[in-house]
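Here's the letter readout for the chains.
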Amino acid sequence: MTHNKILSQKENFGLYIHWPFCLSKCPYCDFNSHVINSIDQKQWKKALLKELDYVGNMTRGRTLTSVFFGGGTPSLMPAKTVQSLIDALGNYWVLDDSLEITLEGNPNSIDVQKYKDFKSAGINRVSVGIQSLRSDSLKFLGRLHSVDDSKHALDITRTLFDRSSFDLIYALPGQSLESWNTELLEALDMAQDHLSLYQLVIEPGTAFYTRHQRGEFQLPSEETSANMFTHTREVLASRGYDLYEVSNFAKPGSECRHNVLYWDYDDYACIGPGAHGRLTLNNSPQTKQKIAIKNHRAPDVWMRHVMEKGQGQKEVLVLPGAEQITEHLLMNLRLVSGVNKERFFSKHGKDLMDLLNPKRLSLLKNLGYIVETKTTLKVTDQGMLRLDAITSDLLTTFLE
C-alpha cells in the first residue's frame, strides 16, 4: 500500500528494533528467536539501517520518546551496529529530551567493555533476562547462564546504568510460596528501580507445551499462583515498588516508558525480522487510519525483502475501528491505572461506556473485579488475579 503522511500527535511515539538471534532456544519462549552458527554482521547492520530509513521516512518529523532493542538477544549485537542505529535516529525524528533507549540482554552475553560501549552508543536503560536465581530452575527453563553469571551481570548493569530491570519467572513446577518469597527477597537486594515478574505460561508451539501435554510436569494450582501474585505485590510495595502493569513493578518514575507506550495504545514503528508496529496515518484532514505492520519472521526472508524493497514487511493492514477498540482495551486493562475515558474518546471518537453491556459491567463491578470512576475504568486488585477472564468478558460485551 502507499504510505501516507503520519499524523502529528503529542502522544508518545516509539521504535522497536528486533534482533532475532540467540545462543539457544528456551523451551518456554514463543518469541521470534533463532539459533544459527554464523552471522554476517556487516550485512545485518546494512539491512537494519536500510529498513530504518524506510520507516523513518514514513514517520518523519514525529517526536521519538522511546526505542527498544528486543529479541532474541540484542546484547549479542555489535556495539557499533547499535551505535549506527542510534546515530541515525535524528535523521528522521525529533528526539525527545528524555528519550529512553532500552536494550535487552542475557547474563552470559554481558561484559563490562561491551556494556560501556552500549552506554557510549546511547543506551540509557537495560533489561536483563535473569529468569531465576536458582540453579535447578535455570536448568528447567533451559537457560545457559548460572546464578553467579546473573549476579555478575547485575553488578555490571547497576554500576554503568542509572536505570535497569531484570526478569524473573515464578509459579514454576514444585515451587512453593515460601521458596518464591526467599528468591524474591534476594532479587530485591540486587534490583535497581524496576522488576518484571512473570508467572510461567505454557504457550502453544513451544517445547514446554509438548512436554506439558505429555504430563511431564504440572504447574502450581490456581490458588497457589494467585497467592504468589498477591504476596509478590505486597513484598514489592513494602520496598517502594508499585505494580503498574500486571507483571511489572517500578519505583515511582521508573516505569518502562516504551512498554507503557504499548499498553497506552500509542504508535510505534518497527524494524527487524518478525517485528510488529502500529502507526496512525493521515489520509486527509477529515480522516485517519491506524495500520498494523507485521514483518517477515524468517531472518533470511526478511533480509531478502529489505535488500530488494527497502523493508521487510509481510503485512500492512488497516485496522477496522472495532479491532482498534478491542486492542486498546486488551492493552489498557493490563495497567493498574486502567482505561482513561477521555483519552479513549480522543483516539476512537466513541464513549467507552456506550460500548459496554451495562448488565455485564454491573456484574463485574458487584463482584469487585472492576471499578469505574468519572475518568477511568480499571481492574481491581482482585480482578488482576482473573485478568484474562475479565478482559474476555468485557470484550465479549463490546463485540455483542
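Structure's up top.
Now for a look at the structure at hand. (Residues numbered from 1 in each chain as written. Predicted model: local features only at pLDDT ≥ 70, side-chain atom pairs only at ≥ 80, totals over all residues. Heavy atoms only, no water.)

Comments concerning the packing of helix 3 (residues 112-121) against helix 5 (residues 147-160)
Between two packed helices, the angle of one axis relative to the other and the distance separating the axes together describe the packing. The criterion, for reference: Where helices are involved, their axes are fitted lines through C-alpha atoms of the stretch in contact, as for all axes, and angles between N-to-C directions lie from 0 to 180°. Helical segments are the DSSP runs of H or I of at least four residues, strand segments are the runs of E of at least two, and each set is numbered from the N terminus. By definition, any crossing whose near helix is turned counterclockwise from its far helix by less than a right angle is left-handed, and any crossing with a clockwise turn is right-handed. For this analysis, residues touch if any pair of their heavy atoms sits within 4.5 Å. Put simply, Ala, Val, Leu, Ile, Met, Phe, Trp, Tyr, Cys and Pro go in the nonpolar bin, Asp, Glu, Lys and Arg in the charged bin, and everything else, Gly too, in the polar bin.
Put simply, helix 3 and helix 5 touch, their axes get as near as 10 Å, and they point 30° apart. For the pair helix 3 and helix 5, the sense of crossing is right-handed. Only I156, T157 and L160 of helix 5 make contact with helix 3, whose side of the interface consists of V112, Y115, K116 and K119. A class-by-class count of the residues in the contact of helix 3 with helix 5 yields four nonpolar, one polar and two charged.

What about unusual backbone geometry?
Cis peptide bonds are those with omega within 30 degrees of zero, and the linkage from G71 to G72 qualifies with 20°. Checked against the element boundaries, G72 lands in the loop between strand 2 (63-71) and helix 2 (79-88). Here the phi dihedral of Q131 falls at roughly 75°; this positive angle occurs in a residue that is not glycine. Looking at the element boundaries, Q131 is found in strand 4 (residues 125-131). Residue A171 is not a glycine yet carries a positive backbone phi of 60°. You can see A171 is positioned in the loop between strand 5 (164-170) and helix 6 (177-190).

Re the pairing of strand 3 (residues 94-105)
Condition: For two strands to pair, DSSP has to find at least two bridges joining them. Whether a crossover is right-handed comes down to one check: with the strands pointing away from the viewer, does the path from the first strand over the helix to the second run clockwise; if it does, it is right-handed.
With six bridges joining them, strand 2 and strand 3 adopt parallel strand pairing. Of the residues in strand 3, the one forming a bridge with T63 is V94. Crossover handedness for the path strand 2 to helix 2 to strand 3: right-handed. The pairing of strand 3 with strand 4 spans four bridges and is parallel. Paired with T102 across the strands is R125, a residue of strand 4.

Topic: helix 1 (residues 41-58)
For clarity, the cut-off: The span you would expect from a helix comes to 1.5 Å times its residue count less one. Throughout, exposure labels follow a simple rule: accessible area from a 1.4 Å probe, protein chains only, divided by the maximum for the residue type, with under 20% read as buried, over 50% as exposed, and the rest as partly exposed. The arc refers to the directions leading from the helix axis to the C-beta atoms.
Along its 18 residues, helix 1 runs 26 Å from first to last C-alpha, staying within 8% of the 26 Å computed at 1.5 Å per residue. Within helix 1, the full set of buried residues consists of W44, A47, L48, E51, L52, V55, G56 and M58. Looking down the long axis of helix 1, one finds its buried residues gathered within 165° of arc, a one-sided arrangement. Away from its buried face by more than 90 degrees, helix 1 exposes K42 and K46.

Focus on the sheet that holds strand 15 (residues 376-379)
Ordered in space as 13-15-14, the three strands form an open sheet in which the pairing is antiparallel. The sheet is open, and its two borders are formed by strand 13 (339-340) and strand 14 (370-372), each paired with just one other strand. Sheet topology places strand 13 next to strand 15; two bridges connect them, and they run antiparallel. Counted as the bridge partner of V339 is L377 from strand 15.

What about the packing of helix 6 against helix 8 (residues 222-238)?
To keep it simple, the criterion reads: Throughout, the term roughly parallel applies to angles under 35 degrees, roughly antiparallel to angles over 145, roughly perpendicular to angles from 65 to 115, and oblique to all others.
Where helix 6 meets helix 8, the axes come as close as 11 Å, and the angle between the chain directions of the two elements is 30°. Considering the angle they form, helix 6 stands roughly parallel to helix 8. Between helix 6 and helix 8 lies a crossing whose hand is right-handed. Counting all contacts with helix 6, which are made through L177, W180, N181, L184, L185 and L188, the residues of helix 8 involved are N227, M228, H231, T232, V235 and L236. Counted by class, the contact of helix 6 with helix 8 contains eight nonpolar, four polar and no charged residues.

As for the nonpolar core
Note the following rule: To qualify as a nonpolar core, a set must consist of buried Ala, Val, Leu, Ile, Met, Phe, Trp, Tyr and Cys residues joined through side-chain atoms within 4.5 Å.
Ranked by size, the top nonpolar core spans 101 residues in total, and within it F69 and I123 carry the most contacts. Here F69 is in contact with I17, P74, M77, V82, L85, I86, I101, T102, L103, E104 and I123, once residues within four sequence places are set aside. Residues C26, L141, L172 and I202 belong to the second largest nonpolar core, which totals eleven residues.

Some thoughts on the environment of Y198
Position of Y198 among the secondary structure elements: in strand 6 (residues 194-199). Overall, Y198 belongs to the partly exposed group, its relative accessible area being 33%. On a C-alpha basis, the gap between Y198 and D167 in space is 7.5 Å, while along the polypeptide they are 31 residues apart. When sequence neighbours within four positions are dropped, the list of residues in contact with Y198 reads D167, L168, I169, Y170, S247 and N248.

Things to note about the pattern of salt bridges
Just so we agree on the cut-off: Think of a salt bridge as a Lys or Arg side-chain nitrogen and an Asp or Glu carboxyl oxygen that are within 4 Å of each other.
Applying the stated criterion across every chain yields a total of 19 salt bridges. A salt bridge links R158 to D155, with the shortest nitrogen-to-oxygen separation between them at 2.6 Å. Here R158 pairs with D155, and both are found in helix 5, just three residues apart, close to one helical turn. On the basis of relative accessibility, which here comes to 29%, the residue R158 falls in the partly exposed class. Overall, the relative accessible area of 39% leaves D155 in the partly exposed class. The residue D381 makes a salt bridge to R233 at a minimum N-O spacing of 2.7 Å. Of this pair, D381 sits in helix 15 (residues 381-384) while R233 is found in helix 8, placing the two residues 148 residues apart along the sequence. The class of D381 is partly exposed, set by a relative accessible area of 47%. Salt bridges sharing partners connect three or more residues here, namely E11, D266, R343 and K347.

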